[in-house]
Amino acid sequence: MRALGLDLGTKTLGLAISDRNKEIATPYKVLHWNGENYELLFKDLDNIIKDKEVDTLVLGLPKNMNNTFGFASERSLKFKEELEKRYKIEVILIDERLSTVEAENYMIASDASRKKRRKVIDSVAASIILDTYIKMKGNKNYEWWEKGSIYNS
């Protein structure tokens, strides 16, 4: 079974997929939506979750730099609830502060054009979120693991 990383934006959902051992995160694709109707996303997610045999969803939680929740955090928490209702599988929240900045820096360092970066930035950010989960899952010293989330740490 695999894990699927998700980076929810106002108009896109970046996706990353793990290998079957949940050891490697790879950018997968970017889904586009209107920012209001999750059904547009669920249509594609239904197929991806089934076809890729996903048993864990890893959703980025965009906290403010002062560790508070803002509009984007609330949107992700609502999306988490909808994902859990629909798929009945584990949804892990990962603090995603600066994941898009990190993705942008990574792509600039790899000499990706601005046009290319714009197309894939959200899936690269999702892979950073998923990679964070994979690394933390492997480190049994993290207390959050039993709680299933790091959003409140």
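Just above sits the structure.
Residues numbered from 1 in each chain as written. Predicted model: local features only at pLDDT ≥ 70, side-chain atom pairs only at ≥ 80, totals over all residues. Heavy atoms only, no water.

Enquirer: I tried to follow the overall build of the protein chain on my own but got confused; where do I start?
Expert: Scanning the protein chain from terminus to terminus reveals 5 helices and 5 strands. Each helix and strand of the protein chain, placed in order from N terminus to C terminus, yields the pattern β-β-β-α-β-α-β-α-α-α. Burial statistics for the protein chain: of 153 residues in total, 45% are counted as buried. In the protein chain, of all internal contacts separated by at least 6 residues, the share reaching a separation of at least 24 is 63%. Of the roughly 8600 Å² of accessible surface on the protein chain, a fraction of 48% belongs to carbon and sulfur atoms. (Helix = DSSP H or I, 4+ residues; strand = E, 2+ residues; numbered from the N terminus. Buried < 20%, exposed > 50% of the residue type's maximum accessible area, 1.4 Å probe, protein only. Contact = heavy atoms within 4.5 Å. Areas by Shrake-Rupley, 256 points an atom, 1.4 Å probe, with all protein chains shown as cover.)

Enquirer: Is there a simple way to think about the sheet that holds strand β3 (residues 25–32) in this case?
Expert: The strands making up a sheet associate through hydrogen bonds between their backbones, and the pairing can be parallel or antiparallel. Taking strand neighbours across the sheet as the criterion, the 5 strands line up as β3-β2-β1-β4-β5 in an open arrangement whose pairing is mixed. Where the open sheet ends on each side, the last strands, each with one partner, are β3 and β5 (90–95). Direction aside, neighbouring strands of the sheet carry axes that sit 25° apart on average. Pairing geometry for strand β2 (residues 12–18) and β3, over 7 bridges, is antiparallel. (Pairing = 2+ DSSP bridges. Axes fitted to C-alpha atoms, helices over the stretch in contact; angles between N-to-C directions.)

Enquirer: Help me understand the side chain of Ser127 in this model?
Expert: Take Ser127: it is sitting in helix α4 (residues 114–138). For Ser127, the residues in contact, after removing those within four places along its chain, are Ala16, Ala25, Thr26 and Pro27.

Enquirer: Looking at this model, I keep getting lost on the nonpolar core. Mind explaining?
Expert: Judged by nonpolar contacts, the single largest core of 24 residues is most densely connected at Leu4, Leu13, Leu41, Leu45, Leu57, Phe79 and Leu83. Those elements giving two or more residues to this core turn out to be β1 (2–8), β2, α1 (39–51), β4 (54–61), α2 (71–87) and β5. A per-element tally of this core places α1 first, with 5 residues. Setting aside residues up to four positions removed in sequence, Leu83 forms contacts with Phe42, Leu45, Leu57, Leu59, Lys88 and Val91. Within the second largest apolar cluster, 10 residues are counted, among which are Ala3, Ala16, Ile92 and Tyr133. (Core = buried A, V, L, I, M, F, W, Y, C linked by side-chain atoms within 4.5 Å.)

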